[in-house]
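One letter stands for each residue in the lines below.
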Amino acid sequence: MTKGDDNPGGADAGGRKPRRAVRPKDAASLILWREGANGTEVLMGRRHRDMRFMPGVLVFPGGRVDIGDYHARPMSDLSPATRRMLEISSRPTQAEALCACAIRELHEEAGLVMGRIEGRRESLFPDFAPLHYLTRAITPSDRPMRFHARFLVAEAKHAHGEIRGSGELEEIRFFALSELHAQPLAKITTMILDEFSAWLALSPQGRARRQLISIQGRDDRRPERR
C-alpha cells in the first residue's frame, strides 16, 4: 500500500474481494473549515489521477494512525465533549492518538500546522483544544482496504502556514460546499459532508447534545449508543 492509499476517502474503491474480511485499521480525517465569499468552505485535496483506486476524487486530509501518534505531546487538552464522543468507540489513549493523527496528516498532506513545531527534528506538538468530533465510518467488509475512520472538525483560524502539497494529494485548497456537487466524490465523503452541514447548522449547545451517528458499510447510518 502506498502512502496515498491510506486515506480513508479511498476505501470506497472496491478492488478484489478478500477471502476473509479484513480488520479495519484505525484512521482519522480532519475537516478544516472557514467562511468564504461563496459560503462555507472546507479544505480538500484531489487523489492523484494515476492512483489505482478512485483517481481524481476529492478527500479530506487523513490517514491511518501510526505508532508515533500514541506518543504525541499535545500543547492543549481535548475538550470534555470531544473526548466523551471519541471514547464511545475508542480507549482514552486511542482517542488522543486519533486526534494526533488527524493533525499530523493535515501537516503532511497540506502543509498546515495546528499546534507548533519545535526542535531540530521539527517535532509537531498538536493543538487538541479546537477539535470537535463529527462522526465515524467503517469501510464495508468486502473491501480489500478497510478503515475505522473518525472524522474531526476544526475552524481554519486555528491552523497556520501556507497550503502546500507533499505529493500525496493534488489541488489542495478550500472548496465551497456549493461547488462540491460538481466534483467527483466518494459516496462516504458525500455522507460525511451531509453530517458536517447538519453539524454546522446547530448551535454550540446543540452540537454537544446531538445524537451521534456512525456509518457502517456502504450507507448504513446508525445512531450511536452512549
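Placed above this text is the structure.
All values derive from a computational prediction rather than experimental measurement.

Calculation criteria
Residues numbered from 1 in each chain as written. Predicted model: local features only at pLDDT ≥ 70, side-chain atom pairs only at ≥ 80, totals over all residues. Heavy atoms only, no water. Helix = DSSP H or I, 4+ residues; strand = E, 2+ residues; numbered from the N terminus. Rg over C-alpha atoms; globule rule 2.2 N^0.38 Å. Contact = heavy atoms within 4.5 Å. Areas by Shrake-Rupley, 256 points an atom, 1.4 Å probe, with all protein chains shown as cover. Lys, Arg positive; Asp, Glu negative; His and termini not counted. Charge placed at Lys NZ, Arg CZ, Asp CG, Glu CD. Polar contact = N/O pair within 3.5 Å; in protein donor to acceptor, adjacent residues only side chain to side chain. Buried < 20%, exposed > 50% of the residue type's maximum accessible area, 1.4 Å probe, protein only. 1 Å grid on protein atoms, 1.4 Å probe; cavity = no way out; pocket = protein on both sides within 12 Å on 5 of 7 lines; lining within 4 Å. Points joined across faces, edges and corners; volume = space filled by probe spheres on them. Phe/Tyr/Trp six-rings, centres within 6.5 Å; stacked < 30°, edge-to-face > 60°. Lys NZ or Arg CZ within 6 Å of the ring centre and 35° of its normal. Salt bridge = Lys/Arg side-chain N within 4 Å of Asp/Glu carboxyl O.

### Re the overall build of the chain
Inference 1: Scanning the chain from terminus to terminus reveals four helices and 11 strands.
Inference 2: Taking 17 Å as the expected radius of gyration for a compact globule of 226 residues, we find that the chain reaches 16 Å, a close match to that expectation.
Inference 3: When contacts within the chain are restricted to residue pairs at least 6 apart in sequence, long-range pairs at least 24 apart make up 72% of them.
Inference 4: A total accessible area of about 11,200 Å² is found for the chain, and carbon and sulfur atoms account for 47% of it.
Inference 5: The average position of the 37 basic charges and that of the 30 acidic charges among the side chains of the chain differ by 7 Å.

### What to know about the side chain of Arg136
Inference 1: Tracing the chain through its elements places Arg136 in strand β7 (residues 132-138).
Inference 2: A polar contact of 2.8 Å, which involves the side chain of Arg136, links it to the side chain of His148.
Inference 3: Residues in contact with Arg136, not counting those within four places in the same chain, are Ser89, His148, Ala149, Arg150, Phe151, Ile213, Ser214, Ile215, Gln216 and Glu224.

### Here's the deal with the environment of Gly62
Inference 1: Relative to the assigned elements, Gly62 resides in strand β4 (residues 62-64).
Inference 2: On the basis of relative accessibility, which here comes to 0%, the residue Gly62 falls in the buried class.
Inference 3: Aside from chain neighbours lying at most four places away, what touches Gly62 is Asp6, Asn7, Pro8, Ala28, Ser29, Glu105 and Glu109.

### Thoughts on the layout of surface pockets
Inference 1: One number sums up the size of the largest pocket: a volume of about 290 Å³.
Inference 2: The wall of the largest pocket is formed by 15 residues, among which Gly68, Ala72, Arg104, Ser123 and Leu124 lie closest to the centre.
Inference 3: When contributions to the lining of the largest pocket are tallied by element, the ones reaching two or more residues are α2 (92-110) and β6 (123-126).

### Some remarks on unusual backbone geometry
Inference 1: We note that Glu122 has phi near 50°; this positive angle belongs to a residue other than glycine.
Inference 2: Of note, Glu122 is situated in the loop between β5 (115-118) and β6.
Inference 3: Glu122 sits in the exposed class, given a relative accessible area of 57%.
Inference 4: Of note, Glu171 is a non-glycine position whose phi angle comes to about 45°, a positive value.
Inference 5: If you trace the backbone, Glu171 turns up in strand β9 (residues 169-176).
Inference 6: Overall, the relative accessible area of 38% leaves Glu171 in the partly exposed class.

### Description of the packing of aromatic side chains
Inference 1: Scanning the model with the defined rule gives two aromatic pairs in all.
Inference 2: Linked through ring pairs, Trp33, Phe196 and Trp199 together constitute an aromatic cluster.
Inference 3: Positioned over the ring face of Phe174 is Arg34, at 4.0 Å from the centre of the ring.

### Quick word on the pattern of salt bridges
Inference 1: One pass over the structure, following the stated rule, counts 18 salt bridges.
Inference 2: Where Arg104 meets Glu108, a salt bridge forms, and the shortest distance between an N and an O atom there is 3.1 Å. Within this pair, Arg104 and its partner Glu108 are both found in helix α2, separated by four residues, close to a single helical turn.
Inference 3: The class of Glu108 is partly exposed, set by a relative accessible area of 29%.

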